[in-house]
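For reference, the chains in residue letters:
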Amino acid sequence: MRHHRTLLSAALGLGLAAALSAVPATAATNTGSTADSPQAVAAQPYSAYEGSAEDARATKAFFDAVVKSVAEKRAANPAVRVVTVRYSTGNAPSFRGQISQSTQIWNSSVSNVKLQESSSSPDFRYYEGNDSRGSYASTDGHGRGYIFLDYRQNQQYNSTRVTAHETGHVLGLPDHYTGPCSELMSGGGPGTSCQNAYPNSAERSRVNALWANGLAAAIARIS
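The rules behind these values
- Residues numbered from 1 in each chain as written.
- Predicted model: local features only at pLDDT ≥ 70, side-chain atom pairs only at ≥ 80, totals over all residues.
- Heavy atoms only, no water.
- Helix = DSSP H or I, 4+ residues; strand = E, 2+ residues; numbered from the N terminus.
- Buried < 20%, exposed > 50% of the residue type's maximum accessible area, 1.4 Å probe, protein only.
- Pairing = 2+ DSSP bridges.
- Salt bridge = Lys/Arg side-chain N within 4 Å of Asp/Glu carboxyl O.
- Lys, Arg positive; Asp, Glu negative; His and termini not counted.
- Polar contact = N/O pair within 3.5 Å; in protein donor to acceptor, adjacent residues only side chain to side chain.
- Contact = heavy atoms within 4.5 Å.
- Core = buried A, V, L, I, M, F, W, Y, C linked by side-chain atoms within 4.5 Å.
- Disulfide = S-S within 2.5 Å.

Considerations on the overall build of the protein chain
Now for step 1: On a plain count of helices and strands, the protein chain comes out with seven helices and five strands.
Now for step 2: Along its sequence from the N terminus, the protein chain presents helices and strands in the succession α-α-β-α-β-β-β-β-α-α-α-α.
Now for step 3: For the protein chain, the proportion of its 223 residues judged to be buried stands at 52%.

Right, dumping it as structure tokens:
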């Protein structure tokens, strides 16, 4: 699981392999057919969960993109303290259950920001498909973010943990692969036996701090 000085800066990307590219063709065209469904794809090992300085830069860039999108929608009502981040699952039909669980986990864990599914002008989108890099969060280079969920990885690891981890990037958390299983952003570091899909207290506090007082803290972070 794997710069801007202004709020309206263009964003780059982030993820397991820090993908700095447009939405992958597999993600854009995949509809969960029998040939490409998670159940039909044999689990294969691949290199993933290897953090880098590029990951850290990309994590910030993706967070910037989400803040930008949210800020544009909140311009008419900036005083609202709880920020709503909207997402679409239209391009990830096979993972709607895991995405829903991930949303419930985060919404029950933090108070200053809430995730909400919406098909109208979402702040980011989920996609599914096959990618040797595994699952990742990124942007299309135009300030619109997306999370890509890889079939093989979601067979190897707890799928809800994968989804909740990637969603943690949306909320501003970086990877920390050397952490324990109890740390959500340790991703695949603890191995495939790790089943925890919940952020720990430090991660919850960090997200609440980032989104405190509406967008105030989030804007300060990307300035």
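So, next bit.
Quick look at unusual backbone geometry
Negative phi is the rule for most residues except glycine; trans is the rule for most peptide bonds.
Now for step 1: The residue Ser121 is not glycine, and still its phi comes out positive at about 50°.
Now for step 2: Topologically, Ser121 is positioned in the loop between β2 (113-117) and β3 (124-129).
Now for step 3: With a relative accessible area of 49%, Ser121 lands in the partly exposed category.

Some remarks on the pairing of β3
Look at any regular strand and the pattern is simple: side chains alternate between the two faces of the sheet.
Now for step 1: Across the six residues that make up β3, a large majority, five, are buried.
Now for step 2: Where strand β1 (residues 83-91) lies against β3, three bridges are found, and the strand directions are parallel. Paired with Tyr87 across the bridge in β3 is Phe124.
Now for step 3: As defined by bridge partners, β3 adjoins strand β5 (residues 145-150) across six bridges and the pair is classed as parallel. The residue bridging Gly129 from the neighbouring strand is Asp150, located in β5.

Considerations on the pattern of salt bridges
Close approach of charged atoms lets side chains of opposite charge pair.
Now for step 1: All chains considered together, the criterion is met by one salt bridge.
Now for step 2: The partner of Asp131 in a salt bridge is Arg133, with the nearest N and O atoms 2.5 Å apart.
Now for step 3: Residue classification places Asp131 among the buried positions, given a relative accessible area of 11%.

A short note on the side chain of Glu203
Now for step 1: The topology assignment puts Glu203 in helix α6 (residues 201-210).
Now for step 2: Of the side chains with opposite charge, Arg204 lies nearest to the buried Glu203, which makes no salt bridge, at 7.0 Å.
Now for step 3: Within the local environment of Glu203, its side chain forms a polar contact with the backbone nitrogen of Leu184, the two atoms lying 3.1 Å apart.
Now for step 4: Residues within four places of Glu203 in sequence aside, it is in contact with Leu173, Glu183, Leu184, Met185 and Tyr198.

Examining the nonpolar core
Now for step 1: Val85, Trp106 and Trp211 are the most contacted members of the largest nonpolar core, which has 32 residues in total.
Now for step 2: No other element matches helix α2 (residues 53-74), which puts five residues into this core.

A few points about the pairing of β5
Now for step 1: For β5, a buried count of six out of six residues is recorded, marking the element as mostly surrounded by other parts of the structure.
Now for step 2: Of the two faces of β5, both are covered, the one formed by Gly145, Ile147 and Leu149 as well as the one formed by Tyr146, Phe148 and Asp150.

So, the state of the cysteines
Now for step 1: The final tally for this structure, using the stated rule, is one disulfide.
Now for step 2: Residue Cys181 pairs covalently with Cys194 via a disulfide, S to S 2.0 Å. Taking the torsion about the S-S bond as the criterion, the Cys181 to Cys194 disulfide, at about 85°, is right-handed. With Cys181 in the loop between α5 (159-170) and α6 and Cys194 in the loop between α5 and α6, this residue pair connects regions lying 13 residues apart in the sequence.

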